[in-house]
Structures are given as C-alpha cells and as structure tokens.
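Each chain, letter by letter, is given below.
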Amino acid sequence: MLKPKELTKVLEQANTGGFQCTLLLNPEGSLMAFAGKCDKKENITAAVAANIWMSNAKSAKSAFQDEGLQYIVMDCEDGKVAIRRVANLLLCVYTAESVGLGMLRAKVEALARYLEEPLKQIASP
Amino acid sequence: MKKKVLLMGKSGSGKTSMRSIIFANYIARDTRRLGATIDVEHSHVRFLGNLVLNLWDCGGQEIFMENYFTTQRDNVFRNVEVLIYVFDVESREVEKDMHYYQSCLEAILQNSPGAKVFCLIHKMDLIPEDQRKMIFDKREAELMKRSLPLECTCFKTSIWDETLYKASAWSNIVHLLIPNVHQLESSLSNFATILDADEVLLFERATFLVIAHSVKRPHTDIHRFEKISNIVKQFKLSCSKLQAQFQSMEVRNSCFAAFIDFFTPNTYVMVIMSDPTIPSAATLVNIRNARKHFEKIERLESGLPVPTTAPRI
C-alpha cells in the first residue's frame, strides 16, 4: 500500500539547492505524487513528461537493442529536467538552470534507488 | 450459507414493493404494477457471493395469515434467522395488526427462538414531516413492549422517500447477517488510515446496500449513505440501458475527491478524500492493491479455500 503523504515527504527531500519540483507519475501520465513549487501545473508537467518518455522509449528500443531507455536528461532554456524509470513508474525532476547536470543525475539516481524497492511492491503484477 | 428471512405483515403494507426495489432493481414507480402476493413467494437472493438470503415473502391477506399460524405453522416458522414484520403506518386496524404480529412472534418463539426480529413502520411518506418522529416513537415504544420476551428493532421506511429511509433499514438488517463483519470493518478502518481517507464505504454489488463503513472525519449528513446508494443505483440502471456495466466513477472538486470503484467480486468500494493535493492515481493504486486482501476476507467468509500468498497491505 502507498501512503501518499509519506511519499510526498520523501520527494520533498530532493527539493533543495535549485531543485524545484519532483514528480512521480505512471507511464500513462497520471500523477502519483509530487512535491515542490509546480504552480498548479503538476498535472500538465506529468503528462508532458510521460509523453516525452514514451516517444523516446520507442525509438530507444530499436537504437539500443538489448537495453531499454534508462534516462532522459534535458537542458532547457529556463532549467534542466531529468526523467528516470523507477519500478514501473517514472520519476521526473526539474531544476533551476544553475544546477549542474552531474548533480541532477546524482540526485535522481539516489532518489530512484531509494524508491525502487518499495515501489516495486505496489506495482501491479 | 443459507439464511431464511421471513417477510410478513398485513395485506397491502408494502412487503413485495420493498423487496422488489431492494433486490430486483425496481424503481419505486414500477411497484404500482405489483399485484397481491398469493400465499408465499420464495426468492433466493445471492448476497455477498455465497450468502444466500432465502426470502419468504408471505402474502398478508387474512386467509393466508390464518393458514400460516395453523396448518403451515411448522413449515413457515422453522429455521428462521430473521423476521421482518412490516406495518402500514396508516392502518386503521392497529389492534388487529398487533394481534397478528404477536401470533407471529409466538410461532417464532416456538420454532426458531434465536431469530432476530425487525419491525418496519412503512409508508412514512404519508405522514406529515413534523409528525413522523412522534408517531414513530410512539409505535416503537408500543412494539417494544408487545414484543417481549423477544427483542425487536424498529425502522421507519418508505419507498418514495427512499433517500431517507429505505436503505438504512435494510443495510442494518443485512449487516447482522454477514458473518465476519467485524473483521471486514477493522480491515476497512485500516485501509482508510493508510489512504488518509475521510471515509471508506463498502457496498454490496447487486443491491448497493452499505455493508461496512469506516469514518475518519465525521460528516453532518446522517442520510448520506442512502442518498449515495440511490444515486449510484439509478446510474447503474441507466448504464444497463446502454448495455454497459458500471465500473467506477470519480468525482472531484476543490475540496474533496470521491472514488467509487469495483472492488471484490461482490462489493464496490467508495473512498472520500478531502486532501486535494493527493493525486487520483495514488488512491486508485491503493484501491487496486487492497483488493486482494478484501477478496481473501470474502473467501474466508464463504469458506472457500484461500490461496497462501500474503496480501500486499
């Protein structure tokens, strides 16, 4: 079972040092949990993130052959975005432009590792 | 598991109407088509999977009534789990009703002393709003007195004002018939805590009667369950007209979200969340994951073998 408030607290911990928002969404693009300042656009962000992931995952399948898509990191005009798969969900983080790509990747990796095991259990069989 | 339920009362008091609305998905208007019940109509209602309510709808005309108390006495009153006696609130022959009621209790006491007795004061919609409580209280006190040594529980009912009275009486009756209901309730309360829900309800699938509920934050409207049952039942009816099956619904506004979802093979669950920051998908995942646990409880109830895998809760 998923305790929504606890999950939000875990996600909230990532929001330091220029990290603005952390979202957890399912591959269909529905939001599971989020933390941070999203200006009430969290649903749209989730949908866009899932869409980007899905379209890239398809081409990644043919490009990488054996390995699926692991990461998407985007360096945009106003900030940086990272999307990563955790269990059968997606973790999406976006930050201010000042944050380095290495830091972004490290943090997402740490958060994903922490969430992987518990989220696997709630994933559908 | 079969439970025999006797439905008795004077002719025209509304036994068959009530039965049809609750168990055969009639709407109130349809009951005008019903004729008088001849002798006893048996119906088997599958409720919660393998709990079968064996409803004996006993026609209330005097000639039949006399019969039940004499020639058919053993047959009718044997192995009764529940007696539901329906009184017409507008009846002019109160003394006579009481006489039949007491003969009935006498027969019950002889043949199935463990039976639970419910009295429904029916057609309450015919009484002006401001007098309903007074009249009901008076009747209830009298019935209690006359029922001794048996205990009876009274309800006011009406098929027209159904949002107010109908479902609550039957929910209470059915609640008593479900074995294991405490385990169901404690699991439900646990579930509500994990979800941070305000309220969780469990509805029986076919009748949409509330079988268990857990309230974490009190609500002011005590009739809300019946109202919801009624709304969803109507909605299910319109679904079936389109040959679609009702699966789930979600209602959300700025202050709350309500989910009604298919749960176990015999139940629907309703979850009320008042925290708008919790996304729907999280709640839906939780509902999906809780299914296994509740299915297991249901199987325990029905005595079917339980698979050994641990529930994810």
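Note that the structure is a prediction, hence the values are computed from the model and not measured.

Here we look at the interface of chain A and chain B
Listed by partner, the interface residues are 16 residues for chain A and 18 residues for chain B. Both sides together, the interface formed by chain A and chain B hides about 1,400 Å², and carbon and sulfur atoms give 64% of it. Inspection of the region where chain A meets chain B yields two salt bridges. The partner of Asp 196 of chain B in a salt bridge is Lys 5 of chain A, with the nearest N and O atoms 4.0 Å apart. Put simply, the parts of the chain that give the side of chain A that touches chain B at least two residues each are helix 1 (4–12), strand 2 (31–36) and helix 3 (101–122) of chain A. For the side of chain A that touches chain B, the leading source of residues is strand 2 of chain A, giving four residues.

Some points on the domain arrangement of chain B
Accessible area lost on assembly of the parts is the figure often given for the size of an interface. Along its sequence, chain B is organised into domain 1 (2–177) and domain 2 (181–302). Placing a centre on the C-alpha atoms of domain 1 of chain B and another on those of domain 2 of chain B gives a separation of 29 Å.

Considerations on the layout of surface pockets
All names here are of chain B. The calculated volume of the largest pocket comes to roughly 410 Å³. Going through the elements one at a time, strand 7 (199–204), helix 8 (224–241), strand 9 (248–252), strand 10 (257–262) and strand 11 (267–273) are the ones with two or more residues in the lining of the largest pocket. In terms of residues, the lining of the largest pocket owes the most to one element, helix 8, which gives four residues. A class-by-class count of the residues in the lining of the largest pocket yields 15 nonpolar, two polar and four charged.

Observations concerning the nonpolar core
In this structure, Leu 91 of chain A together with Phe 47, Ile 84, Trp 170, Phe 191 and Val 271 of chain B are the most contacted members of the largest nonpolar core, which totals 77 residues. The residue makeup of this core includes at least three contributed by each of domain 1 (2–177) and domain 2 (181–302) of chain B. Membership of the second largest hydrophobic core comes to 34 residues, among which are Val 80, Tyr 100, Tyr 101 and Cys 104 of chain B.

Description of the packing of helix 4 (residues 94–111) of chain B against helix 5 (residues 129–147) of chain B
Residues and elements named next belong to chain B. Packing of helix 4 against helix 5 brings their axes to within 10 Å, and their N-to-C directions diverge by 40°. When the axis of helix 4 is compared with that of helix 5, the two are oblique. When the axes of helix 4 and helix 5 are compared, the crossing they make is right-handed. Across the interface between the two elements, Val 94, Glu 95, Met 98, Tyr 101, Gln 102 and Leu 105 from helix 4 touch Arg 139, Glu 142, Leu 143, Arg 146 and Ser 147 from helix 5. Tallied by class, the residues present in the contact of helix 4 with helix 5 amount to five nonpolar, two polar and four charged.

Let's talk about helix 8 of chain B
Here helix 8 of chain B is 18 residues long and its end C-alpha atoms lie 26 Å apart, about the 26 Å a rise of 1.5 Å per residue gives. Gln 243 of chain B occupies a position one or two residues after helix 8 of chain B and carries a positive phi of about 55°.

Thresholds, definitions, all that
- Residues numbered from 1 in each chain as written.
- Chains lettered and ligands numbered in written order.
- Predicted model: local features only at pLDDT ≥ 70, side-chain atom pairs only at ≥ 80, totals over all residues.
- Heavy atoms only, no water.
- Contact = heavy atoms within 4.5 Å.
- Buried area = accessible area lost by both parts, 1.4 Å probe.
- Salt bridge = Lys/Arg side-chain N within 4 Å of Asp/Glu carboxyl O.
- Helix = DSSP H or I, 4+ residues; strand = E, 2+ residues; numbered from the N terminus.
- Domains from an automatic or database assignment.
- 1 Å grid on protein atoms, 1.4 Å probe; cavity = no way out; pocket = protein on both sides within 12 Å on 5 of 7 lines; lining within 4 Å.
- Points joined across faces, edges and corners; volume = space filled by probe spheres on them.
- Nonpolar A, V, L, I, M, F, W, Y, C, P; charged D, E, K, R; others polar.
- Core = buried A, V, L, I, M, F, W, Y, C linked by side-chain atoms within 4.5 Å.
- Buried < 20%, exposed > 50% of the residue type's maximum accessible area, 1.4 Å probe, protein only.
- Axes fitted to C-alpha atoms, helices over the stretch in contact; angles between N-to-C directions.
- Parallel < 35°, antiparallel > 145°, perpendicular 65-115°, else oblique.
- Left-handed = near helix turned anticlockwise from the far one by under 90°.
- Expected span 1.5 Å × (residues − 1).

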